[in-house]
Amino acid sequence: MKHIKIVLTLLVVVVVFTSLVFIVESFTTPLIDERLTREANEAKFEVLPTLSEAFDLTHEVLNITGDYDLGNSTILNIYYEEGFGYIYEAQFQGYQSKIRYMIGISEDGEITGLKVLEQGDTPGLGAEIANPDNWEQFAGMSTNAALNGNIDGLSGATVTTTGWKNSLSKVVDFHLNTVLGFVYADVTNRVNVTGV
């Protein structure tokens, strides 16, 4: 009889605390999602500073939906505003966590900014990727320099730096060869046809 009381007591405790966790989670999840969405929307204006306030924050370029697995990197979203440029939201595997970031590319092919949105790497090493001082190098960088991995890495964080360079290179390659590959260039004004 004593064993049954212990089992019932444990059952009640588990049910009560599971219910409490469910209730708390149901209140906090929408708040966390709202905060992450707000931060991601603010980041769009940081990585592509020329955007106007009228930019549609949900507009995806070429109606492309879904994730693009580029090996060690994944493109989560692509946004486009005609006359301003492209915003890529991508992630890659760092040393301890997935690192999610945004990068802006102008229509002239220049990187306009980069911002890390989420990371959980080693404090003092890979976590330094979230330091805004590391992003300053990207403003004005050509896509060719980024494609070749010509970025300053993180001291002591070889795995995260390698993942960062590879991811950036894959995103830029995707931009140049896939997204821009869909754009039709009118070259008729360069053709000179003379009479025979």
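Residues numbered from 1 in each chain as written. Predicted model: local features only at pLDDT ≥ 70, side-chain atom pairs only at ≥ 80, totals over all residues. Heavy atoms only, no water.

Participant: Residue-level account of the environment of Gln96, with values.
Facilitator: Its location among the elements puts Gln96 in the loop between strand S3 (85-93) and strand S4 (98-106). The partly exposed category is assigned to Gln96, whose relative accessible area is 49%. Put simply, Gln96 and Thr160 are 64 residues apart on the chain and 8.6 Å apart in space, counted from C-alpha to C-alpha. Those residues in contact with Gln96 that sit more than four places away from it in its chain are Gly120, Asp121 and Thr122. (Helix = DSSP H or I, 4+ residues; strand = E, 2+ residues; numbered from the N terminus. Buried < 20%, exposed > 50% of the residue type's maximum accessible area, 1.4 Å probe, protein only. Contact = heavy atoms within 4.5 Å.)

Participant: Which residues make up the side chain of Ser106, and what values do they have?
Facilitator: Positionally, Ser106 belongs in strand S4. Exposure remark for Ser106: the relative accessible area of 12% places this residue in the buried category.

Participant: Please set out the pairing of S3 residue by residue, giving values where relevant.
Facilitator: The buried fraction of S3 is high, at eight of nine residues. Alignment of strand S2 (residues 73-81) against S3, held across eight bridges, turns out to be antiparallel. Opposite Ile78, over in S3, you have Tyr88 as the bridge partner. Connecting S2 to the next strand, S3, in antiparallel fashion are three residues, including Gly83 with a positive phi near 90 degrees. Note: S3 against S4, nine bridges, orientation antiparallel. Within the sheet, the bridge partner assigned to Tyr88 lies in S4 and is Ile103. The antiparallel pairing of S3 with S4 creates a hairpin that spans four residues between the two strands. (Pairing = 2+ DSSP bridges.)

Participant: For a negative patch on the surface, give the residues involved together with the corresponding values.
Facilitator: Side chains of Glu82, Glu107, Asp108 and Glu110 sit close together on the surface and give a patch of like negative charge. With respect to the secondary-structure elements, Asp108 resides in the loop between S4 and strand S5 (111-118). (Patch = residues over 30% accessible without salt bridge, like charges linked within 9 Å, V, L, I, M, F, W, Y side chains within 5 Å. Areas by Shrake-Rupley, 256 points an atom, 1.4 Å probe, with all protein chains shown as cover. Salt bridge = Lys/Arg side-chain N within 4 Å of Asp/Glu carboxyl O. Lys, Arg positive; Asp, Glu negative; His and termini not counted. Charge placed at Lys NZ, Arg CZ, Asp CG, Glu CD.)

Participant: Explain helix H1 (residues 2-47) to me, using residue names and the numbers behind them.
Facilitator: The terminal C-alpha atoms of H1 lie 65 Å apart, and with 46 residues this matches the ideal 68 Å at 1.5 Å per residue to within 8%. Taking the largest bend as the criterion, H1 deviates by roughly 25 degrees, centred on Thr28, and proline Pro30 comes between one and four positions later. Those residues of H1 that fall on the buried side of the exposure criterion are Ala40, Asn41, Ala43, Lys44 and Val47. Contact partners of the buried residues in H1: S2, S3, S4 and S5. (Expected span 1.5 Å × (residues − 1). Bend = angle between axes of the 7 residues up to and from the residue.)

Participant: Quick rundown of a nonpolar patch on the surface? Include the residues and the values.
Facilitator: Together, Met1, Ile4, Leu8, Leu11 and Val15 make up a nonpolar patch on the protein surface, roughly 540 Å² of accessible area in all. As for its position among the elements, Met1 is in the segment before H1.

Participant: Which residues make up the pairing of S5, and what are the values?
Facilitator: The buried count for S5 comes to seven of eight residues, which makes it a mostly enclosed element. The pairing of S4 with S5 spans six bridges and is antiparallel. If you follow Met102 over to S5, its bridge partner there is Lys115. In sequence, S4 turns back onto S5 through a hairpin of four residues, with Gly109 there showing a positive phi of about 85 degrees.

Participant: Give a description of the side chain of Glu89 that names residues and reports values.
Facilitator: Relative to the elements of secondary structure, Glu89 occurs in strand S3. Reaching out from Glu89, the side chain makes a polar contact with the side chain of Arg100 at a distance of 2.5 Å. Those residues in contact with Glu89 that sit more than four places away from it in its chain are Thr74, Ile75, Leu76, Asn77, Tyr79, Arg100, Tyr101, Met102 and Leu117. (Polar contact = N/O pair within 3.5 Å; in protein donor to acceptor, adjacent residues only side chain to side chain.)

Participant: Summarise the pattern of salt bridges; cite the residues concerned and give the values.
Facilitator: Under the defined criterion, the tally for this structure stands at three salt bridges. One salt bridge connects Glu89 with Arg100, and the closest N-O pair in it is separated by 2.5 Å. Remark: Arg100 occurs in strand S4 and Glu89 occurs in strand S3; sequence separation between them is 11 residues. Taking relative accessible area as the criterion, Glu89 reaches 7% and is therefore assigned buried. Taking the relative accessible area as the measure of exposure, Arg100 reaches 12% and is therefore buried. A salt bridge links Arg100 to Glu118; its shortest N-O distance comes to 3.3 Å. Here Arg100 is found in strand S4, whereas its partner Glu118 is found in strand S5, with 18 residues between them in sequence. Relative accessible area serves as the criterion here: at 40%, Glu118 is assigned to the partly exposed category.

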